[in-house]
Amino acid sequence: MTRLLQRTADSNTARRLSAAGLHPLIARLYAARGICSDAELKTDLAGLLPPDGLKGIKDAARLLADGITANARMVIVADYDCDGATACAVGIRALRLLGANDVHYFVPDRVVHGYGLSPSVVADLARLEADILITVDNGIASVAGVAAAQALGMTVLVTDHHLPGDVLPAAEVIVNPNQPGCSFSSKNLAGVGVMFYVALALRAELRDRGVFNEERPAPNLGCLLDLVALGTVADVVKLDPNNRLLVRQGLARMRAERMCAGIRALFAVAGRNPARATTFDMGFALGPRLNAAGRLSDMSLGVECLLSDDYARAFTIAQQLQALNVERREIEAEMRDAAIATLDETHIDEGPAIVLFEPEWHQGVIGIVAGRIKDQAHRPTFAFARASDHDGDGELKGSGRSIPALHLRDALDLITKRHPDLILKFGGHAMAAGLSIREADFERFRETFAETVAELVSPAELQRTLETDGALETGYMSLETARLIDDEIWGQGFAAPLFEDVFEVRRQRLMKERHLKLELAKPGAVFEAVRFNCTDPVPPRIRAAYRLSVNEYQGVASLQLMLEHFEAA
Ligand SMILES: [Mn+2]
């Protein structure tokens, strides 16, 4: 059962925001999301939080400026997801723009090297003979790896956004808004955002050193914001005002046809139009295509795509990424169907948690599968796959996704305290976590996890709630409003608008045997609507939760209501 819950918008705040220049509907939506001051409405780069607030950033800038002067060899150690790849591309492009001419990168292979800057990564990249090693989107937990790099004579700059553990690596400099003592007020920067800030600070340092003059003006780093927007949305970090500003600036550049060749190529293979770039495109079209490389192959492909300035080459790589994404979808659909079949057989969705394992599952896709099942069953969910040979025999790797009522990492922490021998390794945060266990302990973990969830989460919290923005005036149910909403920055922590209304169902039919196509009526108006992945018959009168979406068909755009939920009214 799904419960609809209306967000409340303070009408005085909405009026004030509207008086400050916002469209009245957008003002209402903003007010319902906790925006209360004009200051939070800043959209130009001058409104960005200044870099100085980031602990270590001055030292990072000095280190890199000295490195540029000394012609030092710099190597960026990336990560295998979209955030890591965009952060790597931002780092390389920025360093080159700012005068470094010996910059390289290295992407660890998650199957071979595990996560982050491990000693085995350092061993493999030693041949690059770096003077300065720069981690992006990783490194804050790499105590041994940083020591190994330093033992080989490298200077290490860690840039990361993940939560640190009890011990920090002894890197020469660390920039991470979440490190102890950092007072930067946006703790939600993605890895790519942190690297972008380091680039801003480096430019300021070079400016102070008198490097730029009329002949050699300071470069405009705004050209990197397309990458920052993509990595930030794809990493599902909270879109706080500072992140929304970064994303807004990046999307504005894409809409004005200013973007790197790789991002343009990704739009092309995804069949999306950059002139109407949205956060949805970042999260659901471009992001997954880049991530497919890291999941099934090697993220170097993604980084190469984002580094290329030759459109033909970028497009060729983007086509390879497209093929990998198709493959990823097929693997995922197979795994998901197998998981759902298990659920139907055993009815374990009636319990407080879901824990699944199939011997043939692919380690790179278990997180997505856990997420899909969690969305469907609204239960904290783990999916396990056998660890690849490099990681040890007889071990399972699990990836979990949670519901708002359960802090997943804390739950694993509690299990470890009570059963110190059960979980071999774990990490993560509130909504997602990963762990490894012995295959022989699978049933034991399943039972223990279910008991723990039952203890920490009430039955009421296991009921799905959909937050809506209430009814929408019929006059606003238009293509124009759909576009107005699409122009805004929505995402994690700043949910895209969802409305609810009662409709008469005029017509219904199945589309491709999987989706419902509907004609819905409200007094004085009729709407096209679609409910994806649902074949249930629809009662004649429904209360529906829906989004306004733009349906492009044979070059003609029209309004389509995208239903997220319906019930008899
Ligand atoms: Mn990240």
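Scroll up for the structure.
It should be emphasised that the depicted structure is a prediction, and the values quoted were computed from it without experimental measurement.

Calculation criteria
- Here the residue numbering is sequential within each chain, running from 1 through the sequence in written order.
- Note on the predicted model: pLDDT of at least 70 is required for a residue's local features to be given, and 80 or more for side-chain atom pairs to be given and counted; whole-chain, interface and lining totals, by contrast, use all residues.
- Water and hydrogen atoms play no part in the side-chain values, which are based on all heavy atoms of the structure.
- Being paired, for any two strands, means DSSP has found at least two bridges between them.
- Runs of E in the DSSP output that reach at least two residues are strands. Runs of H or I that reach at least four are helices, and both are numbered from the N terminus.
- What a helix is expected to span follows from its residue count: subtract one and scale by 1.5 Å.
- The bend reported for a residue corresponds to the angle between axes fitted to the seven residues ending at that residue and the seven starting there.
- Each residue gets one of three labels from its accessible area relative to the maximum for its type: buried under 20%, exposed over 50%, partly exposed in between, using a 1.4 Å probe on protein chains only.
- Every axis corresponds to a line fitted to the C-alpha atoms, with the helix fit spanning only the stretch in contact, and the corresponding angles, defined between N-to-C directions, vary from 0 to 180 degrees.
- Small angles under 35 degrees read as roughly parallel and large ones over 145 as roughly antiparallel, with 65 to 115 read as roughly perpendicular and the rest as oblique.
- The handedness criterion is simple: a crossing whose near helix is rotated anticlockwise from the far helix by less than a right angle is left-handed, and one whose near helix is rotated clockwise is right-handed.
- A contact between two residues is defined here by any heavy atoms of the two lying within 4.5 Å.
- Here the nonpolar group is Ala, Val, Leu, Ile, Met, Phe, Trp, Tyr, Cys and Pro; Asp, Glu, Lys and Arg are the charged ones; every other residue, Gly included, is treated as polar.

**Student:** Outline the pairing of strand 9 (residues 395-401), supporting the account with residue identities and numerical values.
**Tutor:** Here 6 bridges tie strand 8 (residues 381-386) to strand 9, and the two strands are oriented antiparallel to one another. Pairing of R386 across the sheet is with L396, part of strand 9. Direction of pairing for strand 9 relative to strand 11 (residues 432-438): antiparallel, over a ladder of 7 bridges. Across the sheet, residue S399 finds its bridge partner in strand 11, namely G434.

**Student:** For helix 12 (residues 279-296), give the residues involved together with the corresponding values.
**Tutor:** The end-to-end C-alpha separation of helix 12 is 25 Å, in line with the 26 Å expected for 18 residues at 1.5 Å each. Along its length, helix 12 shows its largest kink, about 45°, at G287, and proline P288 lies within four residues downstream of that point. Burial runs high along helix 12: 13 of the 18 residues are buried.

**Student:** Account for the packing of helix 4 (residues 82-97) against helix 8 (residues 191-208), naming residues and giving values.
**Tutor:** Between helix 4 and helix 8, the shortest axis-to-axis distance is 8 Å and the interhelical angle comes to 10°. Taken as axis vectors, helix 4 and helix 8 run roughly parallel relative to one another. The element helix 4 and its partner helix 8 pack so that their crossing is right-handed. Every residue of helix 8 that contacts helix 4 at D83, T86, A87, V90, G91, A94 and L95 is listed here: G191, V192, M195, F196, A199 and L202. Tallied by class, residues from the contact of helix 4 with helix 8 come to 9 nonpolar, 3 polar and 1 charged.

**Student:** Can you lay out the environment of C223 for me, pointing to particular residues and giving the numbers?
**Tutor:** Within the secondary structure, C223 sits in the loop between helix 8 and helix 9 (225-234). You can call C223 partly exposed: its relative accessible area is 45%. Residues C223 and A27, spaced 196 residues apart in sequence, show a C-alpha to C-alpha distance of 30 Å. Excluding residues that lie within four positions of it along the chain, C223 makes contacts with L97 and R253.

**Student:** Can you break down the packing of helix 11 (residues 261-270) against helix 12 residue by residue, with the values?
**Tutor:** Relative to each other, helix 11 and helix 12 sit at 100°, their axes nearing to 10 Å. When the axes of helix 11 and helix 12 are compared, the pair comes out roughly perpendicular. Taking contact as the criterion, the partners of I263, L266, F267, V269 and A270 in helix 11 are, on helix 12, D281, M282, A285, L286, R289 and L290. Each residue belonging to the contact of helix 11 with helix 12 can be placed in one class, and the counts come to 9 nonpolar, no polar and 2 charged.

In short, the description is geometric, and any link to function would need to be established separately.
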